[in-house]
Amino acid sequence: MKILMSKDFQNQGSSLEKNYSPEAVELRWGIDFFKETGIHTANSETVTKGDRESFTVLMPPPNVTGSLTIGHVLNHTIQDIFIRYHRMMGKESLWLPGTDHAGIATQTVVEKQLRKEKLTRYDLGREKFIEKVWAWREEYGNLILKQLAKLGDSADWRRNLFTMDDRANRAVQNAFIRLYQDGLIYKGKRIINWCPVSQTALSDEEVEMRTQRDPLAFVRYFIDDSQDGAFIPVATVRPETMLGDVAVAVNPNDERYQKFLGKFVIEPITKRRIPIIADDYVEIDFGTGALKITPAHDPNDYQVGLRHQLPVIIAIDKHAKVVNGFEPYSGLDRFEARKKILADLEQAGYLIKVEDYEHNVGYSERAGVVVEPFLSEQWFVTMKPLSNPALAAVETGIVKFYPERWKNTYKYWMENVQDWCISRQLWWGHRIPAFYSPDGSLAVAGTKEEAFHQLKAKQPNLTIEQVRQEDDVLDTWFSSWLWPLTTLGWEKPGDDNDDFKAFYPTSTLVTAPDIIFFWVARMIIAGLYFRATEEERKAYFLTENAHHRNENDENFQSFLRRCIPFENVYFTSIIRDQQGRKLSKSIGNSPDPLMVMEKYGTDALRFTVMYLAPLGQDVRIEVNLQTKDMPQVEQGRNFCTKIWNAARFLQMNKAEIYNPLEAFEMEYKALTLENVVPENLPERWIFSTLNSMLKSYHLSVEQLRVNELVKSLYDFIWRDYCDWYLEMLKVNLYSAKDEAEKKRAISKAMFVFDALLRALHPVMPFISEEIWQGLVKREKDEYLNQAVVFHANPNLIEPETEEEMEFLKAIVSNIRSTRAVLGVPPSLEANVLINTHDEKGLKRLTHIGPLIMKLAKVSLEIGNSLLKPKASASSVVMGCDIHIKLEGILDFEKEKARLEKEIHKTEGYIRQIETKLSNAGFVERAPKEIIETEQKKLSDAKETMIKLQENLASLA
């Protein structure tokens, strides 16, 4: 098949192929073509000069190790809809793209490759290893961007930023230095998440919580010097940490243990004598009401230890093995030690009992091993003073959340914020700009030379060779929280440029709700802090009595509006399978979007995920686990085919009616929603419904209800335009009194089609561009991508006309349905009587009667006192009695037999569904959606049964 390229296709005003080929269309109108045209690039000058408003979308940077997922499809389609819409509405629209270096994930991938060569990163050394990672990134790291381009992302790709690019690296360094100088970064010992495989601290986001069952051991801690063998029972799921116990804690109000306060117990394994302490942290009703305190291996225990000035004993090392000095357990893996300690406790008589205990356990997302709470010296950001203005920005509505309920989650996180561990024991990432002299003195600076001069001022004999940089790198999120700034060229506090003046704050962020704290909150913090003036930083962040929560302070409100990184945050749905499980490659329930796009087309996939995803609700998709396919995308492909066939019908009629075509183009291009004159009921109706749809369409964008936008488009295009209007257009074209009437009719039909293609383009960019280019011969560099989505003309909205058409559609649908049930061939003209009971109904029926006859292929008798004929199929629609005469068009005995057979079959089907729904086991186990589907099947079957029985009775 020869594939025309975009410019050739555009210039010829080509007719459409018989069958829709997504592959050819996507090749023709893919991102590579629009990169060449520069249509998706944004120019700050048009905004700063006041010629245009701006609209900016910030792309969440995908990991360079990542590949396209259905989650990406949903997220990026929403972003693309917003950016294309506002571009078409005349705004200078900027979609800022980029990728994240994904520290631990990328290092893990490269280290895995090295292991195949029987090497480690230590064999290469830091510098050579980093070179290896860069080489990997150049070869494989941009795969995700190519896949996003295939999805149709209309981002400004020339601005693509990688979080390890020099500009981004300088921004990260300067942000660290500013926070350190302001006293908000410190180095200290804390309990952190530790991955014993990757040998690094982990953020909470890099820890995956899994539910599992483990043995819960109840252990006797005997009271020291007790004469009667008294003990305190303690329950633990991690017996190996008993080696580091330094106390047993009870609630001060727990009467059971009051007599033991101030005494000591003997730790059962080490025989260490440890105190019994009182602390409100202990819950009386939880477990035994007594807790073992192990400050080195539990963050809560660590806090208890600080309050009571307890010693810290490390029992498990960074490799998750028991440290030296705890023989016979030293050197054992933590889980091996757990088994041995349990056995030893039982043998020595300390074990009361062991129960199965179901609980959530943290696993390293990348390494897949249990995370170890580990006492380690790390770098931290003091978050409390930074969080208060960011909380105010959301609570006052300056930053809006969609759905709004996520404000509660955000508020909880921000009011309970903990200091942020920002150091990682990796080599790939932004190296912490901290430097040390041999005596341990510290300097924080952008370069080794700058640090050397700082340190030399205190140590005159110091040489630059003696200066050593911090080995750790920064948490990946430390570069991500600067994303709204770095993508616009920011490198240091005080930076400003034309892009910032034009595009900051950005307009809309689309992201997943599970990173509301790890990314969304931190970006708001970073935007406020680093865009603030020196005076604002002191007033709202660094002063002890900062008035950061005074909502009536106009200066504070002005500061928030100027410095927030985005105005709206759209939280996407979570995509699940039919069983309610999140899509996951490890589970095997995640389709390959590239394969789905290849099978059905990109537009079909984009449409389907948006059709299925209401704002704020999880999405259930059907997955074929054998093929990893998404059968629901069939709906999107059928929609494409419907639109394609409608376009071909219009083109063929245009070519037949107009000769030469130039006359059509003149009439067609002269039409607007302000000057169009609908001449008959179908035209008045389609222009009314078009404008009603456009009104709700623009409102849906304004309210960020993209799913509603897509559904209103689908209903209008499929049902109103294709199923009804084009059918009525055929009637009008056939019965037109002259060629001029035909031309006016086809021009207006094409105009409505143009309007719906414009509205459709943000959702389905490929097919809409292809068809729009073929409607008429376009000017050079004239693209739907830049055309305007029409605004509704309220003068064309006629509720009474829409009501009248709903009446007509209901009657025609009923007649067609009854004919189908009775087996009356479509080619046979049936005689129909419609009896109405009021003058309004009679007047309306008289008006629409000619259309009913042509659409339903019937002869029609209308009245308000007509009697039901013998041998007729009857029904009631919107207060009208409809009687279809059957005599002469049906073999009654044959039709009775057919109906009786259908009734018998339907009765069996109803019993089958009722049996399933009466099965308590099925109802309890099946997902809600499956139950609702079965209930809908039962309801439909019962309606069919009523219809069959009525029609059988009509033959009696």
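Above: the structure in question.
Residues numbered from 1 in each chain as written. Predicted model: local features only at pLDDT ≥ 70, side-chain atom pairs only at ≥ 80, totals over all residues. Heavy atoms only, no water.

Observations regarding the side chain of Thr-486
At step 1: Along the chain, Thr-486 turns up in helix α17 (residues 483-486).
At step 2: Those residues in contact with Thr-486 that sit more than four places away from it in its chain are Leu-161, Arg-167, Ala-168 and Ala-171. (Helix = DSSP H or I, 4+ residues; strand = E, 2+ residues; numbered from the N terminus. Contact = heavy atoms within 4.5 Å.)

Thoughts on the environment of Gly-601
At step 1: Within the fold, Gly-601 resides in the loop between α22 (593-600) and α23 (602-611).
At step 2: Under the relative-accessibility criterion, Gly-601 is labelled buried at 2%.
At step 3: Between the alpha carbons of Gly-601 and Gly-636 there is a distance of 8.6 Å; along the sequence they are 35 residues apart. (Buried < 20%, exposed > 50% of the residue type's maximum accessible area, 1.4 Å probe, protein only.)

Describing the environment of Gln-258
At step 1: Mapped onto the elements of the fold, Gln-258 is located in the loop between β9 (247-250) and β10 (264-266).
At step 2: Judged by its relative accessible area of 37%, Gln-258 falls in the partly exposed class.
At step 3: Linking Gln-258 and Leu-822, residues 564 residues apart in sequence, is a C-alpha distance of 86 Å.

Digging into the side chain of Ser-875
At step 1: By secondary structure assignment, the location of Ser-875 is in strand β28 (residues 872-877).
At step 2: Here the side chain of Ser-875 touches Asn-814 through a polar contact of 2.7 Å, side chain to side chain.
At step 3: For Ser-875, the residues in contact, after removing those within four places along its chain, are Asn-814, Cys-880, Asp-881 and Ile-882. (Polar contact = N/O pair within 3.5 Å; in protein donor to acceptor, adjacent residues only side chain to side chain.)

Side note on the nonpolar core
At step 1: One finds Leu-650, Tyr-721, Leu-729, Phe-753 and Ile-771 to be the most contacted residues of the largest nonpolar core, which totals 153 residues.
At step 2: By residue number, the principal contributor to this core is helix α27 (residues 706-735), which donates 16 residues.
At step 3: Membership of the second largest hydrophobic core comes to 76 residues, among which are Val-399, Trp-406, Trp-519 and Leu-528. (Core = buried A, V, L, I, M, F, W, Y, C linked by side-chain atoms within 4.5 Å.)

Notes on the pattern of salt bridges
At step 1: Considering all chains together, one arrives at 65 salt bridges under this definition.
At step 2: The partner of Asp-754 in a salt bridge is Arg-758, with the nearest N and O atoms 2.5 Å apart. Here Arg-758 and Asp-754 lie together in helix α28 (residues 739-760), a separation of 4 residues that amounts to about one turn.
At step 3: Residue Arg-758 is classed as buried on the basis of its relative accessible area, which comes to 12%.
At step 4: Put simply, Arg-238, Glu-240, Arg-334, Arg-338 and Glu-372 are held in one network by salt bridges that share partners. (Salt bridge = Lys/Arg side-chain N within 4 Å of Asp/Glu carboxyl O.)

Brief notes about the packing of aromatic side chains
The geometry of an aromatic ring pair is captured by the separation of the ring centres together with the interplanar angle, meaning the angle of the planes.
At step 1: Scanning all chains against the criterion turns up 48 aromatic pairs.
At step 2: The ring of Tyr-363 has Arg-210 sitting right over it, with the charged end atom 4.1 Å from the ring centre.
At step 3: The side chain of Arg-531 reaches across the aromatic face of Tyr-504, ending 5.1 Å from its centre. (Phe/Tyr/Trp six-rings, centres within 6.5 Å; stacked < 30°, edge-to-face > 60°. Lys NZ or Arg CZ within 6 Å of the ring centre and 35° of its normal.)

Description of the pairing of strand β22 (residues 506-511)
Regular strands show a simple pattern: their side chains alternate between the two faces of the sheet.
At step 1: Burial analysis of β22 places 6 of its 6 residues in the buried class, the great majority of the element.
At step 2: Two strands pair when backbone bridges link them, and strand β1 (residues 54-58) and β22 are joined in this way by 2 bridges, in the parallel orientation. For Leu-58, the partnering residue across the bridge sits in β22 and is Leu-509. (Pairing = 2+ DSSP bridges.)

Quick look at the sheet that holds strand β20 (residues 468-469)
At step 1: Spatially, β19-β18-β20 is the arrangement adopted by the 3 strands of the open sheet, whose pairing is antiparallel. Two strands in the sheet have a free side with no partner beyond their single neighbour: β19 (442-444) and β20.
At step 2: Packed on one face of the sheet, helix α15 (residues 448-456) meets β18 (434-436) and β19 and runs near 135 degrees to β19. (Axes fitted to C-alpha atoms, helices over the stretch in contact; angles between N-to-C directions.)

Interpretation in functional terms is not warranted from these geometric data alone.
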